[in-house]
Amino acid sequence: MTYTNFSLETDSDGIALITWDMPKRSMNVINALVMEEWETIIDRVASDENIKGAVITSAKKTFGAGADLTMMQAMLAEFEKQKAKGGDGEAAAKLLFENTFRLNQLLRKQETSGKPWVAAINGLALGGCFEITLACHARVMVDDPAAKVGLPEVKVGLFPGAGGTQRVPRLIHTQEALQFLLQGRNFDSSKAKKLGLISEVAPAGELVATAKKMILDGLSPVQPWDQKGFRLPGGQVYSAAGFQLFPPANAIYRRETYDNYPAARAIMKCVYEGLLLPFDTAIKVESRYFTEVLQTTEASMMIRSLFGSLQALNKGARRPMDVKPSGIKTVGVLGAGFMGAGIAYVTAKAGINVVLLDRDMEATEKGKSYTAGLMDKAIGRRRATPEDKQAILDLIKTTTDYGDLATCDLVVEAVFEDSEVKKSVTEQAEAHMKPSAIFASNTSTIPITSLAKNSKRPKSFIGIHFFSPVDKMMLTEIIMAKRTGDKALAMALDYVGAIKKTPIVVNDSRGFYVNRCVLRYMSEAYNMVIEGIPAPMIETVAKMAGMPIGPLSLNDETAIDLSHKIMHQTIRDMGEKAVEPQHMELVDNLVENHGRLGRKNLKGFYDYPAKPKKKHLWAGLKDLYPQQDADEVDIQEIKNRFHATIALEAARCVEEGVVVDVREADIGSILGFGFAPFTGGAISYIDGMGSAAFVDMCKKLQKKYGKQFKPNKLLLQMAKENENFYDRFNPYGEQKQVA
Ligand code: NAD
């Protein structure tokens, strides 16, 4: 018998080696045909008397990436189609359940086939693919730092629904199982072995032999949980251990998620309820919750953005196709300060030569030492070796001589945020850059089009806006000036791809895209402070709304005196009306009268006492404005205000053509400032509730709180036509015209 996705060879010891190798795919994934073939293989292993046991491995570099999420989306589409046919939806729900239960049943059949199964994990094994190995009676993992195992489904709004929530807490301690399932982190072989997720570690050349030997040594074909007298590693649910575990686990779950993620909630339920049940019933419960979660808005929005769009953008969805790959070898970085030092580090880490330039050698060396410091930390954590550190440092050449930029394919400018300084360095750099090289500015506030005026080659001038800290933040915003050409865009995208960050491409606008949205978040918080909403509520409710950091805390990090500077500059550039007078008064008061500049002088909205004391909100803040009674504050309304003000700004950016691809608006909001990931991003938040409902909510907020909630023309029109953004601005095909 031959298979499309597998090969099966039985050796003289009677051990079947099943090799998974999907044609025309770089990675194995689970799809309908894989399941069909897998079932045939299980039946064959179970029924063939000559087969004593089976080893499953992969012919790819990795073991497998998980279930094909497009298959999930297709299952959902079928469900919607069935539902649309009318009736109570029960038939549609039943079909969805049967589809989702299929893999669960299959893996149960595998582990109860009467023959021992061993997984030889030769590389990355994630999600459903790791669940296949969990249904084996043992797992041998290759000794390779690149090989990882994990169940990351929760990160895209789902959870392991092929027995993962049941096998993991039967295999390892419940507390560790919950962390593993809820955090969705991947572990290398040593961590996985220590936790008990895998049985053995073997060198690549001995992987399959080690797996086979386990069978020859008499590995039991019965899983521990199917054996008499099985005890859960973390203790039974109704036991002293269970009582000590679940109440705090539930509290931690609430603290970490604010109950915003249906998949995380389902994991809690599956583990708690499943561990009280016999295995066969437990997996049914798991599949029922999976069916429920799959139907949530959160899951579909998260799959769309955090799986589909993220992948598409990382693969260069916005790259002009007809420009040849840039083949970047050397990047110049102008300014070795806070940002320049970070940019030099991420560039060298990607194996690209860096020419790091500043006004004097002391400054450039200081910038380079930032890389040394980060590498020392990595060495301390055993993530790098001293040789790695030296290799990266060798790639960074420090200089004060613009002539050294002659070899650069790309020059990234990160000098002071001052138009004159930027003009001077642009001119000096261009005098030495080769004709094909591209110049990029990392400005955060100056329009790229105005900076491009300093260039003799405006087609080769672009913005690459990094976020701080550069080594941690995954997003970069690429800004097109009016005359930026395709070659510059391709180079910027190739560079961002090489340093493994996610790009969004936006058109020029004051604050570009991400900062425009972030400013709305902080600005609404100013309104709340002025209204007298107690600051602890503002901060906590922002987190309840899914934001990673409260707006006042964020303002402390970015510096209140910077807001002060930007606001005054905006008034100078655009007139008094450009800044809300009450906001100006608040910020002037904080900076000028109270010396509260933010975290940098340990005095902002928060006070920052010396460690071990923790930061706490500044007590004087409540004396600036009469305070409302906390019990009277409508928490849901605060959440709505934060979400709506950001989403509205995103919608304005779409209307103005600042953002042209709605996927970028979503990804930019999540990776740029952590906008409630469970919504799928600022635009998907609107689509999730529907444009009409969103406009309705905004109108109510506008009436109560002011013009910042006024829906734009585009939204009003969409609400009237009951349209959503992903249909109107279909990023996958033809777009309709903007109103
Ligand atoms: P910084 O003050 O830490 O560093 C600026 C560096 O530029 C200094 O080392 C300075 O010596 C050098 N420099 C100044 N004039 C120079 C000249 N003529 N020639 C060569 N070097 C010169 O500032 P930063 O925070 O790194 O910001 C740099 C740029 O990045 C700014 O445009 C800023 O708006 C932008 N940016 C900053 C952040 C942030 O969070 N700090 C985020 C995104 C973008």
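Owing to the predicted nature of the structure, the values given are computational and were not obtained by experimental measurement. (Residues numbered from 1 in each chain as written. Predicted model: local features only at pLDDT ≥ 70, side-chain atom pairs only at ≥ 80, totals over all residues. Heavy atoms only, no water.)

On the surface, Tyr238, Phe243 and Leu276 cluster together to form a nonpolar patch covering roughly 350 Å² of accessible area. Mapped onto the fold, Phe243 is located in helix 9 (residues 240-257). A relative accessible area of 53% places Phe243 in the exposed class. (Patch = residues over 30% accessible without salt bridge, like charges linked within 9 Å, V, L, I, M, F, W, Y side chains within 5 Å. Areas by Shrake-Rupley, 256 points an atom, 1.4 Å probe, with all protein chains shown as cover. Salt bridge = Lys/Arg side-chain N within 4 Å of Asp/Glu carboxyl O. Helix = DSSP H or I, 4+ residues; strand = E, 2+ residues; numbered from the N terminus. Buried < 20%, exposed > 50% of the residue type's maximum accessible area, 1.4 Å probe, protein only.)

Turning next to the packing of helix 25 (residues 635-655) against helix 27 (residues 682-689). In the contact formed by helix 25 and helix 27, the axes pass within 8 Å of each other and the chain directions differ by 105°. Taken together, the axis directions place helix 25 and helix 27 in an arrangement best described as roughly perpendicular. Here His643, Ala644, Ile646, Ala647, Ala650, Ala651 and Val654 of helix 25 come into contact with helix 27, specifically with Ala682, Ile683, Tyr685 and Ile686. Partitioned by chemical class, the residues of the contact of helix 25 with helix 27 number 10 nonpolar, 1 polar and no charged. (Axes fitted to C-alpha atoms, helices over the stretch in contact; angles between N-to-C directions. Parallel < 35°, antiparallel > 145°, perpendicular 65-115°, else oblique. Contact = heavy atoms within 4.5 Å. Nonpolar A, V, L, I, M, F, W, Y, C, P; charged D, E, K, R; others polar.)

Glancing now at the sheet that holds strand 6 (residues 117-121). With respect to topology, 6 strands assemble into an open sheet ordered 1-2-4-6-8-11, the strand pairing being mixed. Because the sheet does not close on itself, it has two edges, and the strands there are strand 1 (6-10) and strand 11 (200-202). The mean inter-strand angle of the sheet, taken between neighbouring strand axes irrespective of direction, is 20°. Looking at chain direction, strand 4 (residues 53-58) and strand 6 are connected through 3 bridges and run parallel. Pairing of Ile56 across the sheet is with Ala119, part of strand 6. (Pairing = 2+ DSSP bridges.)

With that settled, consider the pattern of salt bridges. Opposite charge on two side chains lets them pair, provided their charged atoms get close. Applying the stated criterion across every chain yields a total of 43 salt bridges. The partner of Arg108 in a salt bridge is Asp280, and the shortest N-O contact between them spans 3.0 Å. Of the two residues, Arg108 is situated in helix 3 (residues 90-111) and Asp280 in helix 11 (residues 279-294); the sequence distance between them amounts to 172 residues. Among the residues examined, Arg108 registers a relative accessible area of 8% and is labelled buried. Of the charged contacts, one joins Arg728 and Glu723 as a salt bridge, the two residues approaching to 2.8 Å between their closest N and O atoms.

Before going further, it helps to spend a moment on helix 9. Compared with an ideal rise of 1.5 Å per residue, which puts 18 residues at 26 Å, helix 9 spans 26 Å between its outermost C-alpha atoms and is within 8% of the ideal. Taken together, the buried residues of helix 9 touch helix 6 (174-183) and helix 10 (262-274). (Expected span 1.5 Å × (residues − 1).)

For the bond from Ser468 to Pro469, the omega torsion is -5°, close enough to zero to count as cis. Relative to the elements of secondary structure, Pro469 occurs in the loop between strand 17 (461-466) and strand 18 (475-480). Unusually for a residue other than glycine, Arg382 sits at a positive phi of about 60°. Structurally, Arg382 is set in the loop between helix 14 (361-380) and helix 15 (386-395). Accessibility expressed as a relative area gives 78% for Arg382, which makes it exposed. Although it is not a glycine, Asn722 sits at a positive phi angle of roughly 50°. Locating Asn722 in the fold gives a position in the loop between helix 29 (713-720) and helix 30 (725-728).

Moving on: the environment of Tyr526. Relative to the elements of secondary structure, Tyr526 occurs in helix 19 (residues 514-531). For Tyr526, a relative accessible area of 6% gives the class buried. For Tyr526 and Glu723, which are 197 residues apart along the polypeptide, the C-alpha to C-alpha distance reads 33 Å. Other than its neighbours up to four places away in sequence, Tyr526 contacts Asn555, Ser563, Met567, His583, Leu586, Val587 and Phe605.

Along the chain, Thr291 falls in helix 11. Contact partners of Thr291, with chain neighbours within four places excluded, come to Ala93, Leu96, Phe97 and Thr100.

Time to look at the site of the ligand. As a matter of local geometry, the ligand sits amid 21 residues, with Met339, Asp358, Glu417, Lys422 and Ser444 nearest to it. Between the ligand and Glu417 there is a distance of 2.5 Å, counted from an oxygen atom to a side-chain nitrogen or oxygen. Interatomic distance of 2.7 Å between a side-chain N/O atom of Lys422 and an oxygen atom of the ligand. Protein chains bury 79% of the 830 Å² of accessible surface belonging to the ligand in isolation. Where the shell around the ligand is concerned, the elements lending two or more residues are helix 13 (338-349), helix 16 (419-430) and strand 17. Examining the composition of the shell around the ligand, we find that 3 residues originate from one element, helix 16, more than from any other. Here the residues of the shell around the ligand are counted per class, giving 10 nonpolar, 7 polar and 4 charged. (Near = heavy atom within 4 Å. Polar contact = N/O pair within 3.5 Å; in protein donor to acceptor, adjacent residues only side chain to side chain.)

At a minimum axis distance of 8 Å, the contact between helix 2 (residues 69-84) and helix 3 shows a crossing angle of 160°. Here helix 3 runs roughly antiparallel to helix 2, going by the angle between their axes. Classified by chirality, the crossing of helix 3 by helix 2 is right-handed. Contacts between helix 2 and helix 3 involve Met75, Glu78, Phe79, Gln82 and Lys83 on the former and, on the latter, Ala92, Ala93, Leu95, Leu96, Asn99 and Thr100. Residues belonging to the contact of helix 2 with helix 3 are distributed by class as follows: 6 nonpolar, 3 polar and 2 charged. (Left-handed = near helix turned anticlockwise from the far one by under 90°.)

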